[in-house]
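Here's the letter readout for the chains.
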Amino acid sequence: MRLGKRLSAPSPPSRRELTVLAITRRRCLSLAIGAAALVLAAAPLPGLRRPLLVAVGSELEEPMRRLEPLFERRHPRIDLRWQVQGAQDMVNRNLEGDPERARVLIPANKDQLEAFAAASDAQGDPRPFLEAPRPIARTVMVAVVWPERAERLFPGGRFSWEALRRAVAAGQWSALGAPAAWGSFDLRTTDPLRSNSGQMLLALWSLDQPGQASVGALKRAVYRPARSTDILLREFISAGPNDGDVALVYESTALLRAAEAEQRRPGGYRLLVPDPTIEMTLAAAVLRGEGVGGGGEGKRFVAFLTGPEGQAVLRESGFRAPNGSGGSAEGERVRRLPSPGRADVEELLRQWQQAG
């Protein structure tokens, strides 16, 4: 029997083939290293992200929860952190050049930034900000009232300081012809020594009746002043009519919490706007000197807030645009005054402190 042809052993690769193989391997290794570098650049390790601390008023707490992931998606190398601070606390806590202080300040009123700049100037630093504060939104002062109380106190749905003063003086709903079961009349607002909204209420209350006696009447009437506007409104909603009848808050906060109020209390609350009311501008400022985060990162965040994505979140959270558009229909039908000057606010705070 004839056997098949015997297979010969493969010949070794030539020098040229070895050279091509080596080049191919080096090229693959270079491509792999390049791809890994791109991955690291696109998704940096947590330890390589630079923190940026922003101080905000409580009215921005919920918007910041929505803004944080959007901003970090656009700027993956920045770890955005934020703290809620009262308007007055923000001035006091961030005035010193502490390395742990916030890099960006966004109080409820740009006037607080002017107060910050004045205090800094008095300490020998006339230029505390990297650039002029940039407006990001506006809001106005409004009243929220439970429906039955609103019908009794403000017939026709028109807010009246005269009616509110009458209720404050009476102290009891029964003295106003309402059911005795409603108990005492409880006005809710924030502490003007800590919160901008409390200061703006003081200014509105004193427009037609200025003086120590008027401020004293308001202080005696305020039931448990809260330290911030959002905390006040959350307490107002959770406790219901037996713990608060009327609350003076920001329009943005009232609009943001309206759905929660309706869910907790059938019918929700009524939003009424004093005529005139006070309109505030929220502005963001990037601090010089020491702080958590660099000035460049702070500028990027401020630019994001004034851009389309940041503005969309603020509008959805009840804020007006920097030009004053948006907000509630009720707020469009009244006069809007600018915030009072700092000297006027200081005088009102002095009267508040001296009131019994």
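Residues numbered from 1 in each chain as written. Predicted model: local features only at pLDDT ≥ 70, side-chain atom pairs only at ≥ 80, totals over all residues. Heavy atoms only, no water.

**Brief notes about the packing of helix α8 (residues 212-221) against helix α15 (residues 342-354)**
Piece 1. One way to put it is that α8 packs onto α15 with a least axis distance of 9 Å and a crossing angle of 60°. Between α8 and α15, the angle falls in the class oblique. At the point where α8 passes α15, the crossing takes the right-handed sense. Across the interface between the two elements, Q212, V215, L218 and K219 from α8 touch L348, Q351, W352, Q353 and Q354 from α15. (Axes fitted to C-alpha atoms, helices over the stretch in contact; angles between N-to-C directions. Helix = DSSP H or I, 4+ residues; strand = E, 2+ residues; numbered from the N terminus. Parallel < 35°, antiparallel > 145°, perpendicular 65-115°, else oblique. Left-handed = near helix turned anticlockwise from the far one by under 90°. Contact = heavy atoms within 4.5 Å.)

**Let's talk about the nonpolar core**
Piece 1. One finds L153, L164, F185, L187, L218 and V246 to be the most contacted residues of the largest nonpolar core, which totals 38 residues.
Piece 2. At the level of secondary structure, the elements contributing two or more residues to this core comprise β4 (134-145), α5 (147-153), α6 (161-170), α7 (196-205), α8, β6 (246-250), β8 (277-286) and α15.
Piece 3. Broken down by element, the residue count for this core peaks at six residues, all from α7.
Piece 4. Residues within four places of L187 in sequence aside, it is in contact with L164, V168, L218, A221, V222, Y223, V246 and L248.
Piece 5. Counting 23 residues, the second largest nonpolar core, distinct from the first, contains M64, F71, L282 and F304. (Core = buried A, V, L, I, M, F, W, Y, C linked by side-chain atoms within 4.5 Å. Buried < 20%, exposed > 50% of the residue type's maximum accessible area, 1.4 Å probe, protein only.)

**Overview of empty space enclosed by the protein**
Piece 1. Evaluated as defined, the whole model comprises one cavity of 30 Å³ or more.
Piece 2. For the largest cavity, the calculated volume is near 70 Å³.
Piece 3. Along the lines of polarity and charge, the residues of the lining of the largest cavity split into three nonpolar, eight polar and three charged. (1 Å grid on protein atoms, 1.4 Å probe; cavity = no way out; pocket = protein on both sides within 12 Å on 5 of 7 lines; lining within 4 Å. Points joined across faces, edges and corners; volume = space filled by probe spheres on them. Nonpolar A, V, L, I, M, F, W, Y, C, P; charged D, E, K, R; others polar.)

**Observations concerning the packing of aromatic side chains**
Piece 1. What the rule picks out here adds up to ten aromatic pairs.
Piece 2. Between F159 and W161 the ring centres are 4.9 Å apart and the planes differ by 85°, which places this aromatic pair in the edge-to-face class. For the pair F159 and W161, one class covers both residues: buried.
Piece 3. Clustering of aromatic rings is evident, with ring pairs tying together F154, F159, W161 and W205.
Piece 4. The ring of W182 carries the charged tip of R149 above its face, separated from the ring centre by 4.2 Å.
Piece 5. Its end group placed over the ring of W205, R165 keeps NZ or CZ at 4.3 Å from the ring centre. (Phe/Tyr/Trp six-rings, centres within 6.5 Å; stacked < 30°, edge-to-face > 60°. Lys NZ or Arg CZ within 6 Å of the ring centre and 35° of its normal.)

**Description of the side chain of N196**
Piece 1. Inspection of the secondary structure assignment puts N196 in helix α7.
Piece 2. A relative accessible area of 1% places N196 in the buried class.
Piece 3. Within polar-contact distance, the side chain of N196 engages the side chain of N109 at 3.4 Å.
Piece 4. Apart from residues no more than four positions distant in its own chain, N196 is found in contact with A87, A108, N109, Q112, Y250 and M280. (Polar contact = N/O pair within 3.5 Å; in protein donor to acceptor, adjacent residues only side chain to side chain.)

**Considering the environment of I78**
Piece 1. For I78, the position within the fold is in strand β2 (residues 78-84).
Piece 2. Setting aside residues up to four positions removed in sequence, I78 forms contacts with R49, R50, L52, F71, E72, E297 and R300.

**A look at the pattern of salt bridges**
Piece 1. With the rule as written, the count across this model stands at 29 salt bridges.
Piece 2. Where E72 meets R49, a salt bridge forms, and the shortest distance between an N and an O atom there is 3.2 Å. In this pair, E72 sits in helix α2 (residues 61-74) while R49 sits in the loop between α1 (15-42) and β1 (50-56), placing the two residues 23 residues apart along the sequence.
Piece 3. Exposure remark for E72: the relative accessible area of 18% places this residue in the buried category.
Piece 4. What makes R49 partly exposed here is its relative accessible area of 24%.
Piece 5. When the shortest N-O distance is used, the salt bridge between R320 and E251 registers 2.8 Å. One end of the pair, R320, is in the loop between α13 (308-316) and α14 (329-332); the other, E251, is in helix α10 (residues 251-256), and 69 residues separate them in sequence.
Piece 6. Its relative accessible area of 1% is what places R320 among the buried residues.
Piece 7. We classify E251 as buried; its relative accessible area is 0%.
Piece 8. Each of E61, E62, R65, R66, D230, R234, R257 and E260 takes part in one network of salt bridges that share partners. (Salt bridge = Lys/Arg side-chain N within 4 Å of Asp/Glu carboxyl O.)

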